[in-house]
Amino acid sequence: MTEINNKNIAILGSTGSIGRQTLDIIAEYPERFRAHTLVARTSAKLLIEQAQRFKPRRVIIADEQYYREVNDALSGLGIEVLTGEAAISAAVVDADVDIVVTAMVGYSGLAPTIAAIGADKIIALANKETLVVAGELITQLLKSSKSVIYPVDSEHGAFFQCLVGERREDVSKLILTASGGPFRTFTREQLEHVTADDALHHPNWSMGAKITIDSATMMNKGFEMIEAKWLFGVSHENIEIVVHPQSIVHSMVEYCDGSVKAQLGLPDMHLPIRYALGLPERLPSREQRMSVSDYALLTFERPDFEKFPLLTAAYDAARRGGNVPCVMNAANEIAVAAFLRRQIAFNDIARIVIDTMEHAPFVSVPTYDDYVASNAAARCYAQEKLVTK
Ligand code: MG
């Protein structure tokens, strides 16, 4: 692997929100980074545009029905065009790839992340579902690999920065901040009637549809709690979620002497992406700075676990462990997709997820195959619940 300059980057999910912002960073530092591999699922047109601009060595359009369109558009440019799920895991182990940015949505990030760990890659992890589904397995695999995971999530980037130079045994608590989403001030009754369009208007962050809905239900914060547990080896009992509507304090770490360190910044994902790609350096940026005096009021409050039952579900999943977080994630993917199709109501998302968690057979120490089976079975169960509603 090259040390600092000209790092070759594979972006899994280059057409999504994090993928596009990663390409912004690559364009900002052309002497340091090169887009080596771009992977998209179905967004053929944008993938073609990105490939024409960034001239990667390889592009993968996972959905085979778009292969011909992408291949024809890029012919003569010297870019290898591949298709299919298997091509993604094969591409991340390419010896020329230095950093793998995992920015795919949901469960689909798991197999390529495992492949990247097997090939000792630096992983810039934006796909939090990977650690939610199989945190225990990923942690085990990392122990026998030279691979490292740098979090791209803003909260986990904040934890990472707060932990630099500290001893892990001195950490007493992680304080995970949450914007509270668009429905922070709504009653549970009001939540019965909110629509997908209401939920897609996040007050502070511009993100993809799935994570925006997860943010509205606060499932996203539950996922981030589990993600933090695995990334930093801190028990869920020592991870506190606080609602901080301004999204300026990206998270905090409390130490055994009572001291609390926080990382602040504007709510802009370029910042954590730039930090993760630049490590161990900080890359200078010309982007807008935060003026502290513009924020006279930074507020913090306890989240409402009654109104957002998926927060309770996430702590329950973390406590029970095994395949429970995997089941929770699978049911959530099905329920969120149905909500986005206007098939179910907002509060049905939590009902379906919790119902699926209660009915799934428990596996205490899942193998990779157990995760695959639990994921498939939970999807099936949740899918049936959509129909019987
Ligand atoms: Mg986040």
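This one's a predicted model, so the numbers in the text were calculated from it and none came from an experiment. (Residues numbered from 1 in each chain as written. Predicted model: local features only at pLDDT ≥ 70, side-chain atom pairs only at ≥ 80, totals over all residues. Heavy atoms only, no water.)

Colleague: Help me out: how do you make sense of helix H13 (residues 309-320) in this one?
Modeller: For H13, which comprises 12 residues, the first-to-last C-alpha distance of 16 Å matches the rise-based estimate of 16 Å (1.5 Å per residue) to within 8%. Within H13, the full set of buried residues consists of Pro309, Leu310, Leu311, Ala313, Ala314, Tyr315, Ala317 and Ala318. Contacts from the buried residues of H13 go to helix H8 (188-191), helix H10 (209-217), helix H11 (219-232), strand S9 (239-243), helix H14 (324-340) and helix H15 (346-359). (Helix = DSSP H or I, 4+ residues; strand = E, 2+ residues; numbered from the N terminus. Expected span 1.5 Å × (residues − 1). Buried < 20%, exposed > 50% of the residue type's maximum accessible area, 1.4 Å probe, protein only. Contact = heavy atoms within 4.5 Å.)

Colleague: I keep staring at the pattern of salt bridges and nothing clicks. Help me out?
Modeller: Side chains bearing opposite charge may pair, as long as their charged atoms lie close to each other. Under the counting rule described, the total for this entry stands at 28 salt bridges. In this structure, Glu80 engages Arg58 in a salt bridge whose closest nitrogen and oxygen atoms are separated by 2.9 Å. One end of the pair, Glu80, is in strand S4 (residues 80-83); the other, Arg58, is in strand S3 (residues 58-61), with 22 residues separating them in the sequence. Owing to a relative accessible area of 35%, Glu80 belongs among the partly exposed residues under this scheme. Residue class for Arg58 comes out buried when judged on its relative accessible area of 13%. Between Glu155 and Lys221 there is a salt bridge, with the nearest N and O atoms lying 2.8 Å from each other. (Salt bridge = Lys/Arg side-chain N within 4 Å of Asp/Glu carboxyl O.)

Colleague: Any chance you could explain the packing of aromatic side chains here in plain terms?
Modeller: Aromatic ring pairs are defined here through the distance separating the ring centres and the angle between the ring planes. Counted according to the given criterion, the structure contains eight aromatic pairs. A ring pair is formed by Tyr29 and Phe33, whose centres lie 6.3 Å apart and whose planes are at 85°; its orientation type is edge-to-face. Here the two residues Tyr29 and Phe33 agree in accessibility, since each one is buried. Aromatic pair Phe339 and Phe346: ring centres 5.7 Å apart, planes at 70°, arrangement edge-to-face. Each of the two residues, Phe339 as well as Phe346, counts as buried. Members of the aromatic cluster, each reached through a chain of ring pairs, are Phe183, Phe186, Phe339 and Phe346. (Phe/Tyr/Trp six-rings, centres within 6.5 Å; stacked < 30°, edge-to-face > 60°.)

Colleague: Looking at this model, I keep getting lost on the environment of Gln52. Mind explaining?
Modeller: As for its placement among the helices and strands, Gln52 is situated in helix H2 (residues 44-54). A C-alpha to C-alpha distance of 8.0 Å links Gln52 and Leu77, two positions 25 residues apart in sequence. When residues no more than four places from it in sequence are discounted, the contact partners of Gln52 are Ala73, Leu74 and Leu77.

Colleague: I keep staring at the nonpolar core and nothing clicks. Help me out?
Modeller: One recurring pattern in soluble globular proteins is that nonpolar side chains are buried together. Grouped together as the largest cluster of nonpolar side chains are 84 residues, with contacts concentrated most on Leu174, Met225, Met328 and Ile349. Among the elements that line this core, the one with the most residues is H14, at 11 residues. The two domains that each donate at least three residues to this core are domain 1 (7-151) and domain 2 (321-389). Beyond its immediate stretch of four places on either side in the chain, Met328 contacts Val132, Met219, Phe223, Ile226, Ala313, Ala314, Ala317, Val353 and Met357. Formed by 38 residues, the second largest nonpolar core is a distinct cluster that contains Ile18, Val70, Ile79 and Ala126. (Core = buried A, V, L, I, M, F, W, Y, C linked by side-chain atoms within 4.5 Å. Domains from an automatic or database assignment.)

Colleague: Where do I start with the coordination of the magnesium ion in this structure?
Modeller: Those protein atoms acting as donors to the magnesium ion are Asp153 (OD), Glu155 (OE) and Glu224 (OE), and they sit at 2.1 to 2.3 Å. Of note, the magnesium ion draws all its donor residues from one chain, in the sequence arrangement D-x1-E-x68-E. Here Glu224 lies in helix H11 and Glu155 lies in helix H7 (residues 154-163), a separation of 69 residues in the sequence. With a relative accessible area of 8%, Glu155 lands in the buried category. When its relative accessible area of 1% is taken as the criterion, Glu224 is described as buried. (Donors = N, O, S within 2.8 Å, 3.2 Å for Na, K, Ca; no water.)

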